[in-house]
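Results of the structural survey
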Amino acid sequence: MAISFELKHVCKQSGARYGILHTPHGSFETPIFMPVGTQATVKTLNPQEIKEVSDGLILANTYHLWLQPGEKIIKKHGGIRGFMKWKGALLTDSGGFQVFSLSELRKISESGVEFRNPKNGDLLFLSPEKAIQIQEDLGADIIMSFDECPPVDASYEYMKDSVLRTARWAKRGKEAHKTDQALFGIVQGGLDKELRKLSVELTTEIDFPGYSIGGLSVGETKDEMAEILAYLNPLMPQDKPRYLMGVGAPDDMINGVINGIDMFDCVYPTRNARHGTAMTTQGSIQIKNKRFEEDLSPLDPGLDSPISKYSKSYLRHLFKADEMLGYRLLTYQNLLFLKQFTAQIRQAIKEDRLLDFKEEFYKSYYHQKD
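A short tour of the structure in this document, coming up. This one's a predicted model, so the numbers in the text were calculated from it and none came from an experiment.

**Considerations on the sheet that holds strand S8 (residues 113–116)**
One open sheet accounts for three strands, arranged S7-S8-S9; its pairing is antiparallel. At either margin of the open sheet sits one strand with a lone partner, and together these are strand S7 (106–108) and strand S9 (123–126). Taking each pair of neighbouring strands and ignoring which way they run, the sheet shows an average axis angle of 20°. In this structure, S8 lies alongside S9, joined through four bridges in antiparallel fashion. Directly across from Phe115, in S9, lies its bridge partner Leu124.

**Remarks on the pairing of strand S3 (residues 26–30)**
Along a regular strand, successive side chains alternate from one face of the sheet to the other. Relative to S3, strand S2 (residues 17–23) is paired through five bridges, and the arrangement is antiparallel. When the bridges of S3 are listed, His22 appears paired with Ser27. Counted along the chain from S2 to the antiparallel partner S3, the turn is two residues long.

**Some points on the sheet that holds strand S1 (residues 4–10)**
Pairing is antiparallel in the open sheet, where three strands are placed in the order S1-S2-S3. Two strands close off the open sheet at either side, each with one partner strand: S1 and S3. Here the average twist between neighbouring strands, direction ignored, is 15°. In the sheet, S1 pairs with S2 via six bridges, with the strands oriented antiparallel. The residue of S2 that forms the bridge with Leu7 is Gly19. Lying over the sheet, helix H13 (residues 324–350) contacts S1, S2 and S3, oriented at roughly 120° with respect to S2.

The rules behind each value
- Residues numbered from 1 in each chain as written.
- Predicted model: local features only at pLDDT ≥ 70, side-chain atom pairs only at ≥ 80, totals over all residues.
- Heavy atoms only, no water.
- Pairing = 2+ DSSP bridges.
- Helix = DSSP H or I, 4+ residues; strand = E, 2+ residues; numbered from the N terminus.
- Axes fitted to C-alpha atoms, helices over the stretch in contact; angles between N-to-C directions.
- Contact = heavy atoms within 4.5 Å.

Put into structure tokens, the structure is as follows:
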């Protein structure tokens, strides 16, 4: 079995989807948030902790693991799961987003992308076929087609050329794919609805077991993202999982779910944790603020976790003293918060009250500003 998806319920109030994603390493309720383990590690957490703060499906990054330590070494471990001692399910991206962010160091052709390793200057080449081969060696349950993610302000002509090339690359990647891993196609097109529709048509024509939406959360406004998702929702296959790449802020996730999204990933909770921002059931707080210096109240009384019971004063001290424990504790907190948040979203969908939940959540989470 590669994967299969069961659409179990559509919220009568919002149109949001509740489903079950079946993989070789577990079945998962959707909507689901996937913590990002870029370098075969969710930063600062061990596999047992990752299990506690996730639903069991995490993401790793093809580009970074290709550069260090290399897919061949990871393959010798039996793939990423053996490498990092992770027993759950795994998704890898194609590496395309990272390569295309190297705008000064890369050259695009029909064959693929030639670029300089930003660490040592070595000349490297990544093609659709190579991206698939690397991901096959990494051994994830779900892998991604190699795509281009153009800047949101790219011209219409460039964006159209990119959409057409991404579709050709997707077809080549599928033809090169030799394992039973589930290969997703990726819909691009920026903020242009005509090009988004074209990308959906070209990508679904190739026929993948799931579809990702790329090219959002890359500089556009939240309203622009929501408008594109609302436009795409009726165009996307109803019986396949939909994965919105790189989105993890709570408001963006709720709006994504309302517009038919089943899967999310983002470095948002872990990166924010390292900078001292805690996601709590009472709102987001910057723990380094001086007002928490003598605050003996627990970090988050609304979350049942030992980490949530540490005082804000103690957590502030850890960050001011540059102690690694602070980063670990907030990373755990933020990911557990999102795990509980997505569970509440799923329950609200099943009860046909997601719009009511959205209103309640906004009042509790966004009421306070630091």
